[in-house]
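# Commentary on secondary and tertiary structure
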Amino acid sequence: FRVLIVGRANAGKTTILQKVCNTTEDPEIYDTKGKKIDAAVVASSIKRGNHDIANEMVFKSNLGFVFHDSCGFEAGSEEEFDNMKKFISDRANAKELEERIHAIWYCIPMDDHSQTFQRSEEKFFSESDTGHGKHATLVSGKLLRFNDLFQCP
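Source: prediction; values computed, not measured.

Our focus in this paragraph is the side chain of E28. With respect to the secondary-structure elements, E28 resides in strand 2 (residues 28–30). Judged by relative accessible area, which is 17%, E28 ranks as buried. Here K36 takes part through its side chain, which lies 3.3 Å from a polar atom of the side chain of E28.

And the structure:
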């Protein structure tokens, strides 16, 4: 099951993925040729806001999911937004089922200073299309963090 996860920095994307995969470990990351990427290289790149949306993230605890992380385009970068749209289109139309994108999770932080939609988020929901109907789901990373405080059934 292939998922694109999109959202602002510190929106709780990694927390959501860890919850879904029932782990606290970081994912293993692979390039488009299936070669494992050194976690230290990835970590320093992510801290600078650089991601390659084509890289695949996999958690050892749940190999049934393959995740892709969109580079943040909340700062208004047209190039990053266009790269994300192309990725969605290419993956939505892939011939092989395992190469297709099956879901898009858009994470929005729910803390007080982040509750308004940014222009980039409005643009995502109005302009991103898979060609098979839009299928992005809003997910709140902060809600999951709140639930961590309690043992919810």
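On to the pairing of strand 1 (residues 2–7). Among the six residues that make up strand 1, six are buried, leaving the element largely enclosed by the rest of the structure. In this structure, strand 1 lies alongside strand 5 (residues 62–69), joined through four bridges in parallel fashion. In the sheet register, R2 faces strand 5, and the bridge partner there is V66. In this sheet, strand 6 (residues 103–107) lies alongside strand 1 in parallel orientation, the contact comprising five bridges. Each residue of the ladder has a partner; that of V3, found in strand 6, is A103.

Pairing of side chains with opposite charge becomes possible as their charged atoms draw close. For the coordinates displayed, the defined rule picks out six salt bridges. Put simply, K60 and E28 hold a salt bridge, and the shortest N to O gap is 3.6 Å. With K60 in the loop between strand 4 (56–59) and strand 5 and E28 in strand 2, this residue pair connects regions lying 32 residues apart in the sequence. Here the residues in one salt-bridge network are R2, E56, R91 and E99, joined through shared partners.

By the secondary structure assignment, A11 is in the loop between strand 1 and helix 1 (13–20). Judged by its relative accessible area of 1%, A11 is buried. Considering only alpha carbons, one finds A11 and Y106, 95 residues apart in sequence, at a separation of 9.4 Å.

Glancing now at the packing of aromatic side chains. Evaluated as defined, the whole model comprises four aromatic pairs. With centroids separated by 5.7 Å and ring planes inclined at 80°, the aromatic side chains of F1 and F65 adopt a geometry described as edge-to-face. Here the residue F1 occupies a position in the segment before strand 1, and F65 occupies one in strand 5, the gap between them amounting to 64 residues. Judged by its relative accessible area of 49%, F1 falls in the partly exposed class. Seen in terms of ring centroids, F67 and W105 are 6.2 Å apart; in terms of plane orientation they differ by 50°. Their pairing is tilted. Taken together, the residues F67 in strand 5 and W105 in strand 6 connect sequence positions 38 residues apart. You'll find F67 and W105 in the same group, each marked buried. Following the ring pairs from residue to residue traces out a cluster consisting of F1, F59, F65, F67 and W105.

Now for the environment of V66. Locating V66 in the fold gives a position in strand 5. Each C-alpha atom, one on V66 and one on F1, is 6.2 Å from the other, the two residues being 65 residues apart in sequence. Residues in contact with V66, not counting those within four places in the same chain, are F1, R2, V3, E56, M57 and V58.

Calculation notes
- Residues numbered from 1 in each chain as written.
- Predicted model: local features only at pLDDT ≥ 70, side-chain atom pairs only at ≥ 80, totals over all residues.
- Heavy atoms only, no water.
- Helix = DSSP H or I, 4+ residues; strand = E, 2+ residues; numbered from the N terminus.
- Buried < 20%, exposed > 50% of the residue type's maximum accessible area, 1.4 Å probe, protein only.
- Polar contact = N/O pair within 3.5 Å; in protein donor to acceptor, adjacent residues only side chain to side chain.
- Pairing = 2+ DSSP bridges.
- Salt bridge = Lys/Arg side-chain N within 4 Å of Asp/Glu carboxyl O.
- Phe/Tyr/Trp six-rings, centres within 6.5 Å; stacked < 30°, edge-to-face > 60°.
- Contact = heavy atoms within 4.5 Å.

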